[in-house]
Amino acid sequence: MSEQGPSGLHPTRRDFLVKLAQGAAIAGTGALLWDYILRNEARAAPYALRPPGALAENDFNAACIKCGQCVVDCPPHILKLQPAGGNLPIGMPFYTPRTGACIMCPDIPCMNACPTGALSPKLKRIEDARMGLAVIDIENCLSYKGLRCEICHRECPIKGKAITLETHPRQTSRHAMFIPLVHSDACTGCGICEKACPTEIAAIRILPHKLVQGKIGEHYRLGWTFDTEVTQDFKPAAAPPSSAPDAPVPKTAPGMDYLNSGGL
Amino acid sequence: MSSAPPSFGKADALASVEKLHSRSLGANAWSWRYIVLRRLTQFGFLLLFFGSAHWGWQVAKNVPLLRGNLSASMFIGLIPLTDPFATLQIFLTGHVLRQESLIGAAIVLGFYLLIGGRVFCAWVCPVNVVTDASGWLRDKLGIRAVIHLPRALRYFVLAATLLISAVSGLAAFEWVSPIGMAHREIIFGLGMGFTALLAIFLFDLLILKNGWCGHLCPLGAFYSLVGKSALLRVRFDKNTCTRCGECASVCPEPQVLNLKKLDERGYVFSGECSNCGRCSPICPEGSLKFDFKPLIRSHNVQADAIAVQRRTK
């Protein structure tokens, strides 16, 4: 039998290899498409406000089993599971402060209901929850217009810590102002302020930290504060140890550039 | 396995079919018993979940009767129940699950290991109502297949689910599952999930018979593997079977009723059988009956003995 295909392969083996390649192509295409759909669905995750104790975004996406037990156990019924075709990733719990703010139950029933740990039991006190951060639109906040409002400050459950008032005395042709300021070290993101805000569209809103919070960076030294040591030869802790006695200050040293490196 | 199966001819098979068609109204209604029971359990679970979520069904203060959904739930505040397939996917994403969900998964898995993995498909899964309706309508309209797909495709989808879960860090099937969508939205608020059900209905109706449950669904594939050694089985009596084929025509997984293999094994052994109970009441000769696997051998030996007696008379 000299049944050799054009490529010199035995026809049955050739068939087998072609079939194998076809199968692999279908499987590969399908898997890629599936993976794309998943990533696309997860793309809106940064915009969701999750219940207290929720893991960081990617971990939460992985861990949430979409069972809705937190939803059932939420006393004010503010939690919802995202149905298909919505703006947020499918099936996972979220809340919308303007219509339903978290009332910060001390026993955290939503977290205790979570079977997978997507709402982490490491959260012991509800005051330590960081669901989001209140952000003020100073162009539309009544207090910034010189009106006496301060409702957010009065309604805030972390009294006097999460939202403080900064007073600006009356000036010529200017009202005195009592301006609310949000402090991220105390704000849980419960959203009571957003719910209570009297403007047509809330001027104080809860947003996920990732969307609003900046980071100052390690290299800034605030010399005028008491908890920052001021020295001429500041050495960063993470600077690599140099063996040579007169080694130049490494380029990576924080705060060093052409202005103070002696160069220029 | 002593006696060879008696040889029934074509006339016997036709007689069996005739027997089936001349059943009395009562007997005909009685043959629907498992389907009615299955609808009761399917809607019963939905009702328990829905009542606990919306009507405050509780066993004690703040202890819902059945909290959650089919992905994970808590029964009377004591017994966690977790979808083992979802648990496996989450495990593969690298997340360390809380003990509660692992215990829940073990309970559910153990239950289905005993009574048959795909009992979930036929008796619990809400999509089954849709695919059953679609299959029924397809038969009524006499729609022919457009494409053919191998039934083993679901095992590849299963493998892909696990692989993609590990690679993407997201529970791959849970994020796209029409079962999860439909079920969640019935309990927790409507969205576009019903379009997925509609797609399955149309696919099953117009394109491929039993297309979703029998060819694609990775959860069904998972439970097929789980149910391989289950104890609740359909016993097959080769002595009375006339090979009329009525069982295979109503079975959503007709490949499990390969009579040649059933002759040897004496029961429907494939994990793909969902113990739905269609074949058993339809069989004109009563050759297919639910049975407990450890007893099947002795029951078949008895049946053989009776058959030998009858023939020698």
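Quick caveat, the model's predicted, so the values are computed rather than measured.

Procedures and definitions
- Residues numbered from 1 in each chain as written.
- Chains lettered and ligands numbered in written order.
- Predicted model: local features only at pLDDT ≥ 70, side-chain atom pairs only at ≥ 80, totals over all residues.
- Heavy atoms only, no water.
- Helix = DSSP H or I, 4+ residues; strand = E, 2+ residues; numbered from the N terminus.
- Rg over C-alpha atoms; globule rule 2.2 N^0.38 Å.
- Buried < 20%, exposed > 50% of the residue type's maximum accessible area, 1.4 Å probe, protein only.
- Contact = heavy atoms within 4.5 Å.
- Areas by Shrake-Rupley, 256 points an atom, 1.4 Å probe, with all protein chains shown as cover.
- Lys, Arg positive; Asp, Glu negative; His and termini not counted.
- Charge placed at Lys NZ, Arg CZ, Asp CG, Glu CD.
- Domains from an automatic or database assignment.
- Buried area = accessible area lost by both parts, 1.4 Å probe.
- Salt bridge = Lys/Arg side-chain N within 4 Å of Asp/Glu carboxyl O.
- Nonpolar A, V, L, I, M, F, W, Y, C, P; charged D, E, K, R; others polar.
- Pairing = 2+ DSSP bridges.
- Axes fitted to C-alpha atoms, helices over the stretch in contact; angles between N-to-C directions.
- Polar contact = N/O pair within 3.5 Å; in protein donor to acceptor, adjacent residues only side chain to side chain.
- Parallel < 35°, antiparallel > 145°, perpendicular 65-115°, else oblique.
- Phe/Tyr/Trp six-rings, centres within 6.5 Å; stacked < 30°, edge-to-face > 60°.
- Lys NZ or Arg CZ within 6 Å of the ring centre and 35° of its normal.
- Patch = residues over 30% accessible without salt bridge, like charges linked within 9 Å, V, L, I, M, F, W, Y side chains within 5 Å.
- Expected span 1.5 Å × (residues − 1).

**Brief notes about the overall build of chain B**
For step 1, the next point in the chain: The number of helices and strands found in chain B is 16 helices and seven strands.
For step 2, the next point in the chain: Computed over C-alpha atoms, the radius of gyration of chain B comes to 21 Å, within 12% of the 20 Å expected from 2.2 N^0.38 for 313 residues, which places it in the range of a compact globule.
For step 3, the next point in the chain: Across its three principal axes, chain B shows a C-alpha extent of roughly 65 × 40 × 40 Å.
For step 4, the next point in the chain: Scored against the burial criterion, the 313 residues of chain B give a buried share of 50%.
For step 5, the next point in the chain: Of the contacts made within chain B by residues no fewer than 6 positions apart, 73% connect residues no fewer than 24 positions apart.
For step 6, the next point in the chain: Roughly 14900 Å² of accessible area belongs to chain B as shown, and the carbon and sulfur atoms make up 68% of that amount.
For step 7, the next point in the chain: Separation between the mean location of the 32 positive side-chain charges and that of the 18 negative ones in chain B comes to 2 Å.

**Brief notes about the overall build of chain A**
For step 1, the next point in the chain: In terms of helices and strands, chain A carries seven helices and six strands.
For step 2, the next point in the chain: Mapped from its N terminus to its C terminus, chain A presents α and β elements in the order α-α-α-β-β-α-β-α-β-β-α-β-α.
For step 3, the next point in the chain: Split into buried and exposed, the 264 residues of chain A put 38% on the buried side.
For step 4, the next point in the chain: Counting only contacts in chain A whose residues sit at least 6 apart along the sequence, the fraction spanning at least 24 positions is 62%.
For step 5, the next point in the chain: Summed over all atoms, the accessible surface of chain A reaches about 16400 Å², with 57% contributed by carbon and sulfur.

**Notes on the domain arrangement of chain B**
Residues and elements named next belong to chain B.
For step 1, the next point in the chain: Taken as a whole, chain B is organised into domain 1 (10–20 + 231–312) and domain 2 (36–225).
For step 2, the next point in the chain: Centre-to-centre separation of domain 1 and domain 2, based on C-alpha positions: 29 Å.
For step 3, the next point in the chain: In this assembly, domain 1 packs against domain 2 so that about 1100 Å² is buried in total across both faces, 39% of it on carbon and sulfur atoms.
For step 4, the next point in the chain: Counting the surface domain 1 buries against domain 2, the share from its top three residues, E253, E272 and S274, is 34%.
For step 5, the next point in the chain: At the boundary of domain 1 with domain 2, the tally comes to five salt bridges.
For step 6, the next point in the chain: Residues E272 and R154 are paired through a salt bridge, measuring 3.5 Å at the closest nitrogen-oxygen approach.
For step 7, the next point in the chain: Its residues assigned to classes, the side of domain 1 that touches domain 2 shows six nonpolar, five polar and three charged.

**Quick notes on the sheet that holds strand 3 (residues 66–68) of chain B**
All names here are of chain B.
For step 1, the next point in the chain: An order of 3-4-5 is seen for the three strands of this open sheet, with the pairing classed as antiparallel. Strand pairing shows two members of the sheet lacking a second neighbour, strand 3 and strand 5 (79–82), which therefore form its edges. Neighbour-to-neighbour, the strand axes of this sheet turn through a mean angle of 20°, independent of strand direction.
For step 2, the next point in the chain: Looking at chain direction, strand 4 (residues 72–75) and strand 5 are connected through four bridges and run antiparallel.

**Observations regarding the interface of chain A and chain B**
For step 1, the next point in the chain: In this complex, chain A contributes 38 residues to the contact, which on the side of chain B involves 43 residues.
For step 2, the next point in the chain: Carbon and sulfur atoms make up 67% of the area that chain A and chain B hide from each other, which totals about 3000 Å².
For step 3, the next point in the chain: By the criterion of area lost to chain B, the three top residues of chain A are W34, L38 and I65 of chain A, representing 22% of everything that side buries.
For step 4, the next point in the chain: In this structure, the connection of chain A to chain B is made through one salt bridge.
For step 5, the next point in the chain: Between the two partners, chain A and chain B, sit twelve residue pairs in polar contact (both at pLDDT 80 or more).
For step 6, the next point in the chain: The class makeup of the residues in the side of chain A that touches chain B is 25 nonpolar, eight polar and five charged.

**Observations regarding the packing of helix 3 (residues 33–54) of chain B against helix 9 (residues 178–188) of chain B**
All names here are of chain B.
For step 1, the next point in the chain: Interaxial distance between helix 3 and helix 9 falls to 9 Å at its minimum, and their mutual angle equals 40°. The angle between helix 3 and helix 9 falls in the class oblique. On helix 9, the residues touching L46, F49, F50, A53 and H54 of helix 3 are H183, I186, I187 and F188.

**Focus on the pattern of salt bridges**
For step 1, the next point in the chain: In total, this model carries 17 salt bridges over all chains according to the counting rule given.
For step 2, the next point in the chain: Between R39 of chain A and D35 of chain A there is a salt bridge, and its shortest N-O distance comes to 2.7 Å. Here R39 of chain A pairs with D35 of chain A, and both are found in helix 1 (residues 11–42), just four residues apart, close to one helical turn.
For step 3, the next point in the chain: For D35 of chain A, a relative accessible area of 14% translates into the label buried.
For step 4, the next point in the chain: Between R125 of chain A and E127 of chain A there is a salt bridge, with the nearest N and O atoms lying 4.0 Å from each other.
For step 5, the next point in the chain: Judged by relative accessible area, which is 46%, R125 of chain A ranks as partly exposed.
For step 6, the next point in the chain: The partly exposed category is assigned to E127 of chain A, whose relative accessible area is 34%.
For step 7, the next point in the chain: Taken together, the shared-partner salt bridges connect R118, R151, R154, E253 and E272 of chain B into one network.

**Topic: the side chain of Q69 of chain A**
For step 1, the next point in the chain: You can see Q69 of chain A is positioned in helix 3 (residues 69–73).
For step 2, the next point in the chain: Using a relative accessible area of 0% as the deciding quantity, one classes Q69 of chain A as buried.
For step 3, the next point in the chain: Leave out the neighbours within four places in its chain, and Q69 of chain A touches A113 and P115 of chain A together with R67, G68, A72, S73 and M74 of chain B.

**Concerning the packing of aromatic side chains**
For step 1, the next point in the chain: Evaluation of the coordinates by the stated rule reveals eleven aromatic pairs over all chains.
For step 2, the next point in the chain: Ring plane angle 80° and centroid distance 5.1 Å describe the contact between Y34 of chain B and F290 of chain B, whose orientation is recorded as edge-to-face. Here Y34 of chain B, found in helix 3, pairs with F290 of chain B, found in strand 7 (residues 288–292); they are 256 residues apart in sequence, far enough to count as distant.
For step 3, the next point in the chain: Among the aromatic side chains, those forming a connected cluster through ring pairs are F85, F111, Y112, F120, F173, W212, F222 and Y223 of chain B.
For step 4, the next point in the chain: The cationic tip of R148 of chain A hangs over the ring face of F178 of chain A; the distance from NZ or CZ to the ring centre is 3.8 Å.

**Looking at a nonpolar patch on the surface**
For step 1, the next point in the chain: Judged by side-chain polarity, V146, I147, L198, L202, L206 and I207 of chain B come together as a nonpolar surface patch covering roughly 480 Å² of accessible area.
For step 2, the next point in the chain: By the element assignment, V146 of chain B lies in the loop between helix 7 (127–141) and helix 8 (153–168).

**Focus on helix 16 (residues 293–312) of chain B**
For step 1, the next point in the chain: In this model helix 16 of chain B runs 29 Å from its N-terminal to its C-terminal C-alpha over 20 residues, within 8% of the 28 Å that 1.5 Å per residue would give.
For step 2, the next point in the chain: The inward-facing, buried residues of helix 16 of chain B contact strand 6 (232–236) and strand 7 of chain B.

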